[in-house]
Structure formats: C-alpha cells, structure tokens
Amino acid sequence: MKKTIPVKKNEYIEVTFEDLTHDGAGVAKVEGYPIFVANALPGERAVIKVTKTNNGYAFGRLIELLEKSPERVDLSMEDQNRYGGCQIQHLSYKGQLAFKEKQVREVMTRIGKLEDVMIHPIIGMEEPTHYRNKAQVPVGEKDGKLIAGFFKPRSHDIVETKESIIQHQVINEAVQAVKEIFSDLHIPAYNEKTHKGVLRHIMARYGKQTGELMVVLVTRTDSIPFVETVVKEIIARLPHVKSIVHNVNSKKTNVILGEKMNILWGSEVIYDFIGDVKFAISAKSFYQVNPDQTKVLYEKALEYAGLTGKETVIDAYCGIGTISLFLAQKAKKVFGVEIVPEAIEDARRNAQLNEITNAEFAVGAAETVITDWYKEGNAADVLVVDPPRKGCDESLLNTIIDMKPKKVVYVSCNPGTLARDLRILEDGGYKTTDLQPVDMFPMTAHVECVSQLILKEGN
Ligand code: SAH
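Treat the numbers as computed from the prediction; the structure is a model and nothing was measured.

A. Representation of the sheet that holds strand β1 (residues 12–20) in the model. Around the barrel, which closes on itself, the five strands sit in the order β1-β2-β3-β5-β4 with mixed pairing between neighbours. Shown here is a sheet whose adjacent strand axes are inclined to one another by a mean of 50 degrees, direction ignored. Two strands pair when backbone bridges link them, and β1 and strand β2 (residues 26–30) are joined in this way by three bridges, in the antiparallel orientation. Considered in β2, the bridge of F17 is made with A28.

Now the structure itself:
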C-alpha cells in the first residue's frame, strides 16, 4: 500500500528540527515523514517552504527561524560569502565536532554492529579557519570588472568572495591580486554561455611549511594578452610566489584544468612537508588540502601500524605515496598501490626526493594487484587502506582476510562505508580495537577516521 505524503510542494509549514543528515542538512518530521532543509539545526523551530516531495522524504527551504539553537553562529550575508557555501558554517565549532563524532558512533552501531570498539573523541583544529592550501576559483564579470568567488549552489552564478574563511590568507591574497591584475589590464573573463573571453579559473597552491606559492592561470585561449606584464605584476605583488603556470582549457566543460600546461615563470613544482617527509607538488598533483590535520591523521595511522622496523607493509590506495613514505621511515619495506599512473609517478619521485629506498609502487586496482601478489605467495605484516568514499572493493577485503596480515589500519573519508567494511573484516577474523575521528575539513560535513584492527587469535 502506498503511503500518503503528508506535505505538498510549495506549501509553507512550521516544523521543529530533530537531527542533522550526514551532509549537514536539518531533519524535521511531519507524521514521521522526514524533510531535509539546509542551514537548520536540531532544536530549531522554523517556517519552511516544501520544495520537492518524494515517496520517502522531501526537501524544503528555510524561510524564517522562529527559535534558534544555542549552537547557531549568526552570519551576515558578507560572512556567508566568506565561507563560500560550506555546509555547517552556521554551527559552532564545538557543535560541528559533536555532530561528526555522533555520526561516527551512530554508524558504527547501526551499520557496523560494532559494540565494543574504542571510539576516541574527535581531534579538531585549534583554529578551524584558513586551513586549506589550495583554491580553484571561477572568474566572471560584473559591472565591467572581474569577480572571483564560488558558484551559487545549483547555479553557475558567481558570488564574489574577497576572503574565504577556509583558505590560507596567502591563497586569498593571491586570488585577489591575480583578479585585479587581469581586471586592470581589461583582459576579459571567460563566459560559459558564449564560450568567449579569456580567464576561466585562478588556481593557487601553497606549501605552508616552505612558504612557497604556485599560481595557475587557466584560460580558454592559447595565449594570455600582455603576458609579460601579468607575470611581472604577480611577482611584484606576491612575495611567496615560486611558480607561475599557464593552463589552457579550450573545451566547453566543468572540468577545471585542460591538458596543456606551460610554465610562465619559476619552477614546475612547489614543495611542502608533512612531518619530515618532503613532497613536490605540481599544478595537477593530488595533495592533501589540510596538511596540519593530515599530519595528525598519519601520525595516528603510524601509531596504529605499530611498526618496529621489521615489517612488510602494503599501502593500498596510496595516491602520491603520502602514507607510504610516512610508514617507510619505520618499516622494513612498503608497497604502495594506486590506480592513477600520474600519482604513482609522483610517489616514486617523492621517494627519491626523500632518499627513501624501501618503498616500491605499483599502478593498478588495489583489489587486482594485491590479490595477484597474494596468489604469487606474497604477504604483508601490516596492511593500510585509504579508499575513496565508496570504500574498499569486497574482493580486496576477502584477500585481506585470506592473507591474514597481523594488523590492518583503515583510513576513511566516509564513516558509512568504513562501518560496512569493518563488519566484513570482523566477520573474517579481525577485531577493531580503536577508531580515531579527525576533523580534516572544518565548516564542511566531511568526517575522516583512522582505525586499528588486529587479527584475532586462532585465525
Ligand atoms: N592515501 C592517499 C590517497 C587517498 S585518496 C593520501 O593520503 O594522500 C584515494 C585514492 O585511491 C585516490 O588516489 C584514487 O585515485 C585511488 N583509487 C581509487 N580506486 C582505486 C582502486 N580500485 N585501486 C587503487 N587505487 C584506487
């Protein structure tokens, strides 16, 4: 029997919010039927407009807050723009940490059916602002001047953002300076509708430990008008700059970077450190966006791995080898596996840069490469996984269960799939002993976790 839906599209109703979804929207219920509304907090009463109804749930828009949560941070329109559409910017930082920790605890019980794992209090940042080391900012035009900011949700209208709360100040300054330099030279912004104009995106990356800045100018056109003046001005205005790159993207696409890359000035890469490990970062390299908290996370992973110098370690989903190189300092040998060939090139280069000789890297799907290794008679003492949001492929989990490494360290950016995979490993003979949530992305709803599993005796 089809249940009737208790609300109608475009209807205005008064609700009280009970909870937050995993992506930070408020949840209110009408006769048990959930309605999801962005920018609302548990305990708040509000008038909302129902914007879309489905069989099991609806979406709504916040119209008027009648009763506010004590955890709400009031933000002016200008402040909201400074956050650039972060999902939980309106929640106090203490409230954000509690929300993330609660979410982890809930899914471990509900999905993972894990009763006695030690879930440690989430590690937050002392100063949860200006933490990002990379920005890719779309450029547009307004009143004859260039503007740079973020796309309004579900649209391609640019909201001008002079200072992002989550970006490092050196990055904010770089974006403003480049925008003004192009604007003063009357170089037009790219227009998506007409596919005309020049400057599409300003990208900036900053090595916090080295103080090195990279500026990437993404244009539709093969050349940049007045390019010498542009370069001269960037150098004059941005004392941290070590690299100026021109990227050409002539396609009608939402993808930011194009194929063609051309160094206009300085070096091809900038450097940064996580702990004692040095990384070379090119315009296209993947690199963690919050290096301070990455260090916290990796130190925990290293602690959980419990290395003594004798172990063979496999690092699955290794990216540019960040975790592998961190572990190699304490292991006998580390094998990293990653599906993107360019990332593996970076990993090998980073190993050389640090004179690390006990780390080897292979390109391929972790589930295939590691399963083949195992079939050839290889095994690891410790296995580390750090998969994308969808979690580990089940065949990889089965290979782990067969291979029986003494320890598994699971790093995850999605508590839901982490809980699912921990259940499979538990059923296969492992015990999850510790789980540490780390706040890598303040103001957003993302939660990162690292967990330790040990092989149970008799397995
Ligand atoms: N451990 C790295 C990167 C983790 S992000 C770090 O901390 O920096 C997850 C990585 O898994 C990405 O680099 C992605 O390219 C890779 N990946 C996705 N599917 C994969 C698969 N099936 N096998 C191996 N790597 C995969």
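Once the structure has been displayed, the description carries forward.
B. Representation of the pattern of salt bridges. Scanning all chains against the criterion turns up 22 salt bridges. One salt bridge connects D346 with R349, and the closest N-O pair in it is separated by 3.5 Å. Residue D346 and its partner R349 are both found in helix α7 (residues 341–353); the two are separated by three residues, about one turn of the helix. When the shortest N-O distance is used, the salt bridge between D427 and R423 registers 3.0 Å. One end of the pair is D427 and the other is R423, both in helix α10 (residues 415–427) and four residues apart, which spans about a single turn. Residue classification places D427 among the exposed positions, given a relative accessible area of 59%. The exposure class assigned to R423 is partly exposed, which follows from its relative accessible area of 22%. Because the salt bridges share partners, they merge into one network encompassing E14, R45 and E67.

C. Structural view of the packing of helix α3 (residues 169–184) against helix α4 (residues 227–237). The geometry of α3 relative to α4 is characterised by a closest axis approach of 10 Å and an angle of 145 degrees between their N-to-C directions. Of the two possible hands of crossing, α3 and α4 adopt the one that is right-handed. Between α3, through A177, V178, E180, I181 and F182, and α4, the contact on the second element is made entirely by V230, E233, I234 and R237.

D. Expanded view of the layout of surface pockets. Within this model, the second largest pocket holds a volume of roughly 1200 Å³. Every element with two or more residues in the lining of the second largest pocket is listed here: β3 (33–37), β5 (58–67), α1 (77–83) and β8 (145–151). It is β5 that provides the largest number of residues to the lining of the second largest pocket, a total of five residues. Residue composition of the lining of the second largest pocket, by class: 15 nonpolar, eleven polar and seven charged. Both domains that meet at the lining of the second largest pocket, namely domain 1 (12–67) and domain 3 (134–274), each give it at least three residues.

E. Looking closely at the nonpolar core. Counting 55 residues, the largest nonpolar core has V216, L307, V313, L325, L327 and F361 as the members making the most contacts within it. Split by domain, the residues of this core number at least three in each of domain 2 (98–126 + 290–455) and domain 3 (134–274). Residues contacting L325, with those up to four places away along its chain left out, are V277, F279, A347, N350, A351, N354, I356, A359 and F361. One finds V117, I314, Y317 and L418 within the second-largest nonpolar core, a separate group that totals 35 residues.

F. Looking closely at the site of the ligand. The ligand sits among 17 residues. The nearest are Y298, T322, E338, A366 and D386. Mapped by element, the contributors of at least two residues to the shell around the ligand are α6 (322–328) and α8 (366–375).

G. Just the sheet that holds strand β21 (residues 430–438), in detail. If you walk across this open sheet you meet the eight strands as β6-β21-β22-β20-β19-β16-β17-β18, and the pairing is mixed. A single partner strand is all that each edge strand has here, and the edge strands are β6 (118–119) and β18 (359–363). Where strand β17 (residues 333–338) lies against β18, five bridges are found, and the strand directions are parallel. Each bridged residue has a counterpart across the sheet, and for E338 the counterpart in β18 is V363. Along the sheet, α8 makes contact with β16 (312–316), β17 and β18, crossing β17 at roughly 140 degrees. In the packing of helix α9 (residues 394–403) onto the sheet, the strands contacted are β16, β19 (382–385), β20 (407–412) and β21, and the crossing angle to β19 comes to about 165 degrees.

H. Molecular detail of α9. For α9, every residue scored as buried is listed here: L396, L397, T399, I400, I401 and M403. In this structure, the buried side of α9 is in contact with β16, α8, β19, β20, α10 and β21.

Conventions adopted
Residues numbered from 1 in each chain as written. Predicted model: local features only at pLDDT ≥ 70, side-chain atom pairs only at ≥ 80, totals over all residues. Heavy atoms only, no water. Pairing = 2+ DSSP bridges. Helix = DSSP H or I, 4+ residues; strand = E, 2+ residues; numbered from the N terminus. Axes fitted to C-alpha atoms, helices over the stretch in contact; angles between N-to-C directions. Salt bridge = Lys/Arg side-chain N within 4 Å of Asp/Glu carboxyl O. Buried < 20%, exposed > 50% of the residue type's maximum accessible area, 1.4 Å probe, protein only. Left-handed = near helix turned anticlockwise from the far one by under 90°. Contact = heavy atoms within 4.5 Å. 1 Å grid on protein atoms, 1.4 Å probe; cavity = no way out; pocket = protein on both sides within 12 Å on 5 of 7 lines; lining within 4 Å. Points joined across faces, edges and corners; volume = space filled by probe spheres on them. Nonpolar A, V, L, I, M, F, W, Y, C, P; charged D, E, K, R; others polar. Domains from an automatic or database assignment. Core = buried A, V, L, I, M, F, W, Y, C linked by side-chain atoms within 4.5 Å. Near = heavy atom within 4 Å.

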